[in-house]
Amino acid sequence: MTMKGNALVIGVSGGLGREVYRQLLATGQYKTVIGVSRHVKQKPAADISHFISGAKLVELDYSKESLVKSFCQELENTGQFTRVVCCSGVLHGSSADGAKLHPEKRLEELSANMLSAYFDTNTVIPALWLRYLLPLVQGPLSSDVSFFSARVGSIEDNRLGGWYGYRASKAALNMLIKTAQVEYQRRAKNVSLVCYHPGTVDTALSKPFQNNVKPEKLFTCQFSVSRLLMHLNKVQAEKGPYFIDWDGKEIPW
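Every value quoted in this text rests on a predicted model; they were computed, and no experiment measured them.

About the thresholds
Counting from 1, residues in each chain are numbered in the order their sequence is written. In view of the model being predicted, local features appear only for residues whose pLDDT reaches at least 70, and side-chain atom pairs are presented and counted only at 80 or more, with totals across whole chains, interfaces and linings using the full set of residues. Excluded from the side-chain calculations are hydrogens and water; all other atoms, namely the structure's heavy atoms, are used. Note that a disulfide, as used here, is simply two cysteine sulfur atoms within 2.5 Å. Per the convention used, a helix needs a DSSP run of H or I reaching at least four residues, while a strand needs a run of E reaching at least two, with both numbered from the N terminus. Accessibility here uses a 1.4 Å probe with only protein chains present; expressed as a share of the type maximum, an area under 20% marks a residue as buried, one over 50% as exposed, and anything in between as partly exposed. Residues are treated as being in contact if the distance between any of their heavy atoms lies within 4.5 Å. Within 3.5 Å is the distance limit for a polar contact, defined as a pair of N or O atoms, with the added protein rule that one can donate a hydrogen and the other accept it, and that residues adjacent in sequence qualify only through two side-chain atoms. Any two strands between which DSSP finds at least two bridges are classified as paired. Each axis is a line fitted through C-alpha atoms, and for a helix only the stretch in contact is used; angles between axes span 0 to 180 degrees, taken between their N-to-C directions. Looking at any residue, its pLDDT shows the predictor's confidence there, from 0 to 100. Here the expected span of a helix is defined as 1.5 Å times the quantity of residues minus one. Bend is the name given here to the angle between axes fitted to two runs of seven residues, the run ending at a residue and the run starting at it.

A. A look at the state of the cysteines. Under the definition given, this model contains 0 disulfides. Of the cysteine sulfurs around Cys221, a residue in no disulfide, the closest is that of Cys87, at 9.8 Å.

B. Region of interest: the environment of Asn122. Among the secondary structure elements, Asn122 is positioned in helix H3 (residues 112–132). Residue classification places Asn122 among the buried positions, given a relative accessible area of 0%. Taking C-alpha positions, Asn122 is 8.6 Å from Ala172, a pair spaced 50 residues apart along the chain. Residue contacts for Asn122: discarding those within four places in its chain leaves Gly89, Val90, Tyr166, Ser169, Lys170 and Leu173. Reaching out from Asn122, the side chain makes a polar contact with the backbone nitrogen of Val90 at a distance of 2.8 Å.

C. Looking closely at the sheet that holds strand E1 (residues 6–10). Pairing within the open sheet is parallel, and its 7 strands lie in the order E3-E2-E1-E4-E7-E8-E11. Bordering the open sheet on either side are strand E3 (55–59) and strand E11 (242–245), each of which pairs with just one other strand. For this sheet the average axis-to-axis angle between neighbouring strands, irrespective of direction, equals 20°. When E1 meets strand E4 (residues 81–86), the two strands line up parallel, connected through 5 bridges.

D. Layout of the pairing of strand E7 (residues 143–148). Within E7, 6 of the 6 residues are buried, which leaves the element mostly enclosed by the surrounding structure. Side chains of E7 alternate between two faces, with Ser143, Val145 and Phe147 and Asp144, Ser146 and Phe148 buried alike. The pairing of E4 with E7 spans 4 bridges and is parallel. Within E7, the position partnered with Arg83 by the bridge is Asp144. Bridging between E7 and strand E8 (residues 191–197) involves 6 bridges; their strand directions are parallel. Residue pairing across strands places Ser146 opposite Val194, the latter belonging to E8.

E. Seen up close, the confidence of the model for the chain. Of the residues in the chain, 85% have a pLDDT of 70 or more, and the chain-wide mean is 88. Within the chain, E4 carries the highest mean pLDDT (98), whereas strand E5 (residues 93–94) carries the lowest (72). A low-confidence stretch, residues 42–52 (pLDDT under 50), is modelled with 18 contacts involving residues beyond four sequence positions or located in other chains.

F. Representation of helix H5 (residues 164–187) within the structure. With 24 residues, H5 ought to run about 34 Å at 1.5 Å a step, and its terminal C-alpha atoms sit 34 Å apart, in line with that. Of all the bends in H5, the largest measures some 25° and sits at Gln181.

G. A look at the environment of Ser224. The topology assignment puts Ser224 in helix H6 (residues 221–232). Here Ser224 falls in the buried class, since its relative accessible area comes to 0%. Spatially, the C-alpha atom of Ser224 lies 7.4 Å from that of Gly199, the residues being 25 residues apart in sequence. Excluding residues that lie within four positions of it along the chain, Ser224 makes contacts with Leu16, Tyr196, Pro198 and Val201. There is a polar contact of 2.8 Å between the side chain of Ser224 and the backbone oxygen of Pro198.

Shown next as structure tokens:
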């Protein structure tokens, strides 16, 4: 089997991140599959050991730019990374600095602390990875870097309103990806950038909102991740960036 370089999964402590890591390992196509989490409490999958010897979990506080920078610099001798998936994101719960987050329904619920927390996790952290990953994905092989975004981050598709911080932070992420692809096409013509809407997935992130979702529209992590990996095998750098859903359908920016 021909190896496809290395793979990196950012945010393996969540349901989607664990599944991305598991499925990439299961292919056996990568020299190394590295999973990064701010808190590695346990292995993302009990059956990792019989996949490939290159499986590696790293605990890294990637909210700190200096640590992201040094981590990526350390990986430069590993070889080209041909697949990177960033699963970092927050919708509700507590932020890293203790702010209580919930999707706002009215303007009166907006606060500077919540907006900052949404942007820190959903926009700033992915942007830092986007910056420092560049030397790792440059090379002779086709590479793709994808970020879990959301349909509600589409400015054109916003008809319901609400969820101010989450919508705005995902819209900002989409703009960063769209802008970076312009530069990547000059400096790393082999790299496709992708914003991916996984649908409503049965994870802790969507748990409080699942009552409003039709059963057939509540996806498993396995389904949504398998669809992402299937679509990534078809992307082309010169046609990027992509903003797609689990069906591969384009979402308006």
